[in-house]
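The residues making up each chain are set out below.
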Amino acid sequence: ENARSFGVPVGNARVIHSGVDTEKFTFKARDSLSLPLRIIIPGRIEEKKGQLDGVRLVHALRAHGVDAVLTLVGSIAQEEYLERIKAEIAQYGLLGKVIIHPFADQEELVSLYHQSDICFFSSYHRSGFSRVPLEAMACGCMVISYGNEGSDEVLIQGNNGFLLDEGDIEGGYVIVTRLIKSPGLFSSIISNARQFIEDHHSLSVYIETINRLFSGNHKNAPLS
């Protein structure tokens, strides 16, 4: 729809999703959530990326007795929004519980995913296809998402991740408490997510799909 609004003829277009280098974005198996619970939100710091919702989720969790910390990773796109984030961190008494990390390269990001239990993909951007959920899923970091930036095309509710309505902080709390009570569910979901990436979004699958398209043998190429 975004492309069509700019006059791009998309009637016969095929969509090929990005691939993830699974040799770089390695999987870390775990049996349960860690304590304190570690949440990560990667992405440039701007209002439409929804980092404030992450702060509010941590506040809600801690208010219900769940020890949780949040790491925000990304370049600063909106200084005013960053100041609002800092103000809410102070307001909720979360100093030291929310870490603002500068932009990270792939190697650093993989390490951060391995250290985190949950990737909260709180983006309000509707269009595009973000690689963040793919990378987190590949690393064994469970994704909870609003479904934007194409994440609703890769997440299967309760199977390889979770989808929430935009701004549904209470729903996020409910998911986390369910996972705490059922550690086997968490382990199953991250394993399913890794398998999904290997089957559908690995770099080798992506390259193979591109090759089929260019060779004309694309009858079985995946569609979104």
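Residues numbered from 1 in each chain as written. Predicted model: local features only at pLDDT ≥ 70, side-chain atom pairs only at ≥ 80, totals over all residues. Heavy atoms only, no water.

### A short note on the overall build of the protein chain
Note the threshold: Comment: elements are numbered from the N terminus, with helices defined as DSSP H or I runs of at least four residues and strands as E runs of at least two. A radius of gyration in this sense is built from C-alpha atoms; the matching globule rule multiplies 2.2 Å by the number of residues raised to 0.38. When accessible area is computed with a 1.4 Å probe and restricted to protein chains, residues below 20% of their type maximum are described as buried, those above 50% as exposed, and intermediate ones as partly exposed. Pairs of residues are marked as contacts when any of their non-hydrogen atoms sit within 4.5 Å. We get accessible surface area from the Shrake-Rupley algorithm with a probe of 1.4 Å; when it comes to residues, only the shown protein chains can shield them. His is not counted, nor are the chain ends; Lys and Arg add positive charge and Asp and Glu add negative charge. Charge positions are represented by NZ for Lys, CZ for Arg, CG for Asp and CD for Glu.
Check the secondary structure of the protein chain and you find 8 helices and 6 strands. Walking the protein chain from its N terminus toward its C terminus, one meets helices and strands in the order α-β-α-β-α-β-α-β-α-β-β-α-α-α. Against the compact-globule benchmark of 17 Å for 224 residues, the protein chain has a radius of gyration of 18 Å, which places it among compact chains. For the protein chain, with 224 residues in total, the buried portion stands at 46%. Intrachain contacts of the protein chain at a sequence separation of at least 6 include 73% that bridge at least 24 residues. Within the structure as shown, the protein chain displays about 11,200 Å² of accessible surface, and the carbon and sulfur contribution to it stands at 50%. Side-chain charges of the protein chain comprise 21 positive and 27 negative groups, with the mean position of each set lying 2 Å from the other.

### Describing the sheet that holds strand β4 (residues 118-121)
Paired through backbone hydrogen bonds, the strands of a sheet run either parallel or antiparallel to each other. For the record, the criterion: Any two strands with at least two DSSP-identified bridges between them are counted as paired.
Taken in spatial order, the 6 strands of this open sheet run β3-β2-β1-β4-β5-β6, and their pairing is parallel. The strands lining the two open edges of the sheet, one partner per strand, are β3 (98-101) and β6 (162-163). Bridge count between strand β1 (residues 37-42) and β4: 2 bridges; the pairing is parallel. Across the sheet, Ile40 pairs through a bridge with Cys119, a residue of β4.

### A short note on the side chain of His114
Structurally, the position occupied by His114 is in helix α4 (residues 106-115). If sequence neighbours within four positions are ignored, His114 has contacts with Thr26, Phe27, Lys28, Arg30 and Cys139.

### Side note on helix α7 (residues 183-201)
Put simply, the rule is: One less than the number of residues in a helix, times 1.5 Å, gives the span that helix is expected to have. Regarding the arc, it is the one traced by the directions from the helix axis to the C-beta atoms.
Here α7 contains 19 residues, and its C-alpha end-to-end distance of 26 Å stays within 8% of the 27 Å for a straight helix at 1.5 Å per residue. Within α7 the residues assigned to the buried category are Phe186, Ile189, Ile190, Ala193, Arg194, Phe196, Ile197 and His201. With its buried residues spanning 160 degrees around the axis, α7 presents them on a single face. Against the buried residues of α7 lie α5 (132-139), β5 (142-145), β6, α6 (169-181) and α8 (203-215).

### Comments concerning α4
Because the α-helix completes a turn every 3.6 residues, residues three or four places apart line up on one side. For the record, the criterion: Side-chain atoms alone can form a polar contact between residues adjacent in sequence; in general such a contact is a pair of N or O atoms within 3.5 Å, and within protein one must be able to donate a hydrogen while the other accepts it.
All of the buried residues in α4 are Leu109, Val110, Leu112, Tyr113 and His114. Two or three places before Glu107, at the start of α4, stands the capping residue Asp105, its side-chain oxygen 3.3 Å from that residue's backbone nitrogen.

### Side note on the packing of aromatic side chains
Rules: Each Phe, Tyr or Trp ring, with Trp reduced to its six-membered ring, pairs with another whose centre is within 6.5 Å; inter-plane angles below 30 degrees give stacked pairs, above 60 give edge-to-face pairs, and intermediate values give tilted ones.
Summed over all chains, the structure comprises 2 aromatic pairs. Geometrically, the ring pair formed by Phe120 and Tyr146 is edge-to-face, given 5.6 Å between the ring centres and 85 degrees between the ring planes. With Phe120 in strand β4 and Tyr146 in the loop between β5 and β6, the pair connects residues that are 26 residues apart, well separated along the chain. Take Phe120: its relative accessible area is 2%, and that puts it in the buried class.

### Focus: the confidence of the model for the protein chain
Worth spelling out the cut-off: Every residue carries a pLDDT, the predictor's confidence in it, which falls somewhere between 0 and 100.
Overall, the predicted model of the protein chain reaches an average pLDDT of 93, with 96% of residues at or above 70. The model gives residues 220-224 a pLDDT under 50, and that stretch makes 12 contacts with residues more than four places away or in other chains.

### Some words on the packing of α4 against α5
What counts is decided by this rule: Inter-axis angles, ranging from 0 to 180 degrees, are taken between N-to-C directions of lines fitted to C-alpha atoms, where helices are fitted over the stretch in contact. Throughout this description, any angle smaller than 35 degrees is read as roughly parallel, any larger than 145 degrees as roughly antiparallel, any in the 65 to 115 degree range as roughly perpendicular, and the remainder as oblique. Helix crossings are classified by the rotation of the near helix relative to the far one: an anticlockwise turn of less than a right angle makes the crossing left-handed, while a clockwise turn makes it right-handed. When residues are sorted by character, Ala, Val, Leu, Ile, Met, Phe, Trp, Tyr, Cys and Pro go into the nonpolar class, Asp, Glu, Lys and Arg into the charged class, and all the rest, Gly among them, into the polar class.
For the pair α4 and α5, the least separation of the axes is 9 Å and the interaxial angle reads 60 degrees. Of the possible angle classes, the one that applies to α4 and α5 is oblique. When you trace α4 past α5, the crossing you get is right-handed. Judged by residue contacts, Leu109, Val110, Tyr113 and His114 of α4 engage Val132, Glu135, Ala136 and Cys139 from α5. Residue composition of the contact of α4 with α5, grouped by class: 6 nonpolar, 1 polar and 1 charged.

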